[in-house]
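Here is what each chain is made of, one letter per residue.
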Amino acid sequence: MNKQELQEEILRLKKEKDICILAHAYQDHELWEIADYMGDSYGLSLQAQKAPQKNVIMCGVRFMAETVKTLAPDKHVFLANAKAGCPMADQLSREDVLELKEKYPEHTVCAYINTTADLKRAVDVIVTSSSAMKIIGNMPEEKILFVPDPNLGGWIANQITEKTFAFSGEGCPSHRMITADDVKRARELHPDAEILVHPECIAEVTELADYAGSTTGIMKYAKESSRSEFVIGTENSIVDHLRIECPDKVFYSLSEKCVCENMRITTLENVYDCIMGTAGEEIILSPQEIEESRKPIDRMIELGG
Ligand code: 13P
Ligand code: SF4
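Residues numbered from 1 in each chain as written. Chains lettered and ligands numbered in written order. Predicted model: local features only at pLDDT ≥ 70, side-chain atom pairs only at ≥ 80, totals over all residues. Heavy atoms only, no water.

Q: Could you clarify how one ought to interpret the site of ligand 2 in this entry?
A: Every residue near ligand 2 is listed here: Y26, C86, P87, M88, N114, C172, E200, C260 and M263. Here the shell around ligand 2 is composed, by residue class, of seven nonpolar, one polar and one charged. (Near = heavy atom within 4 Å. Nonpolar A, V, L, I, M, F, W, Y, C, P; charged D, E, K, R; others polar.)

This is the structure in structure tokens:
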């Protein structure tokens, strides 16, 4: 089957088999085209609850599929490519968090959604890049232990100065590849461009940028801005999407090194094979895991709106 035939077959099969396909913003455009919903991590979480279908296929990474299963435990949830993990999500385990809680007994533990379902069982609240400011701003607690991305956490801490923050974890290896020199070089090469970055970038990068926000935040900003040139500092797939969606604007990559192999491995063939039951992986979580990991996710939705 060529690409179009494969897409048409997937669209036919998903109706026949009552499947909702969710795609994260970093997925290839050809996956967006067969998805029921495309979005950032927060949008995907909300969509998981709303989807009327009995089956969900996640084109993204494992923690996203686990979040869908937690929020929609009665659905069959599949990760289209079982190898798609998130290296940041594997940096800290639940046991690490339990040890940190002993070290920081007065802190409320706030975890980025890019964590395992098992880790989520031990934390107080989850945030995403697009919801973090609102959620932490709305929380009455003043001492926050933020895991596992000190860059996103530091970006929040710089704006919510009335709270105190502690950090653990190393952050996203792909976004950490972008340097302040990349921003300075981009300013020289493209003086009329706005520089839009993800808050997973290091502080020196977000401080020099014109805008920091989630994947869909970056795309919305570029689409709505009256400017016509942009330098994009996040996974390079967003540059490809913006070039397709805004053909009258010009987009440059801030660093060719910001590539997430895990986000890139899912293909249309994987989705087809997953529907046919020959590939992909059904996410299985025990009732106890679901109950415990859901509490901080529900708090995210309650505080994030
Ligand atoms: P958002 O889409 O929520 O901005 O997250 C980016 C990311 O790194 C997901 O893995
Ligand atoms: Fe994880 Fe970074 Fe890849 Fe997102 S871009 S999935 S945070 S490694």
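Okay, back to it.
Q: How should I be thinking about the site of ligand 1 in this particular structure?
A: Taken together, 14 residues are adjacent to ligand 1, and H24, S129, H198, E200 and T215 come closest. Between ligand 1 and H24, the relevant distance is 2.6 Å, taken from an oxygen atom to a side-chain nitrogen or oxygen of the residue. For ligand 1, an oxygen atom lies 3.0 Å from a polar atom in the side chain of S41. By residue class, the composition of the shell around ligand 1 is five nonpolar, seven polar and two charged. (Polar contact = N/O pair within 3.5 Å; in protein donor to acceptor, adjacent residues only side chain to side chain.)

Q: Mind showing me how you'd approach the packing of helix α1 (residues 3–16) against helix α14 (residues 268–276) here?
A: Two numbers describe a pair of packed helices, the interaxial angle and the distance between the axes. Look at α1 against α14: their axes get within 10 Å of each other, and the N-to-C directions meet at 35°. Considering only the axes of α1 and α14, their crossing is left-handed. Residues K3, L6, Q7, E9, I10 and L13 of α1 touch α14, and the partners they reach there are L268, E269, V271, Y272, I275 and M276. Taken together, the residues that form the contact of α1 with α14 break down as eight nonpolar, one polar and three charged. (Axes fitted to C-alpha atoms, helices over the stretch in contact; angles between N-to-C directions. Helix = DSSP H or I, 4+ residues; strand = E, 2+ residues; numbered from the N terminus. Left-handed = near helix turned anticlockwise from the far one by under 90°. Contact = heavy atoms within 4.5 Å.)

Q: Sorry, what's going on with the sheet that holds strand β5 (residues 108–112) here?
A: Pairing between sheet strands relies on hydrogen bonds along the backbone, with the strands arranged either parallel or antiparallel. Pairing is parallel in the open sheet, where four strands are placed in the order β6-β5-β7-β8. Both edges of this open sheet fall to β6 (125–127) and β8 (164–167), since each of them pairs with a single strand only. Direction aside, the axes of adjacent strands within the sheet are offset by 30° on average. Sheet topology places β5 next to β6; three bridges connect them, and they run parallel. Bridging from a neighbouring strand, Y112 pairs with V127 of β6. (Pairing = 2+ DSSP bridges.)

Q: Teacher, can you tell me more about the side chain of D182 here?
A: Its place among the elements puts D182 in helix α9 (residues 180–189). Since its relative accessible area comes to 11%, D182 is described here as buried. At 2.9 Å, the side chain of D182 and the backbone nitrogen of T179 are in polar contact. A distance of 3.2 Å separates polar atoms of two side chains, one belonging to D182 and the other to R185. Here D182 is in contact with M177, L254 and S255, once residues within four sequence places are set aside. (Buried < 20%, exposed > 50% of the residue type's maximum accessible area, 1.4 Å probe, protein only.)

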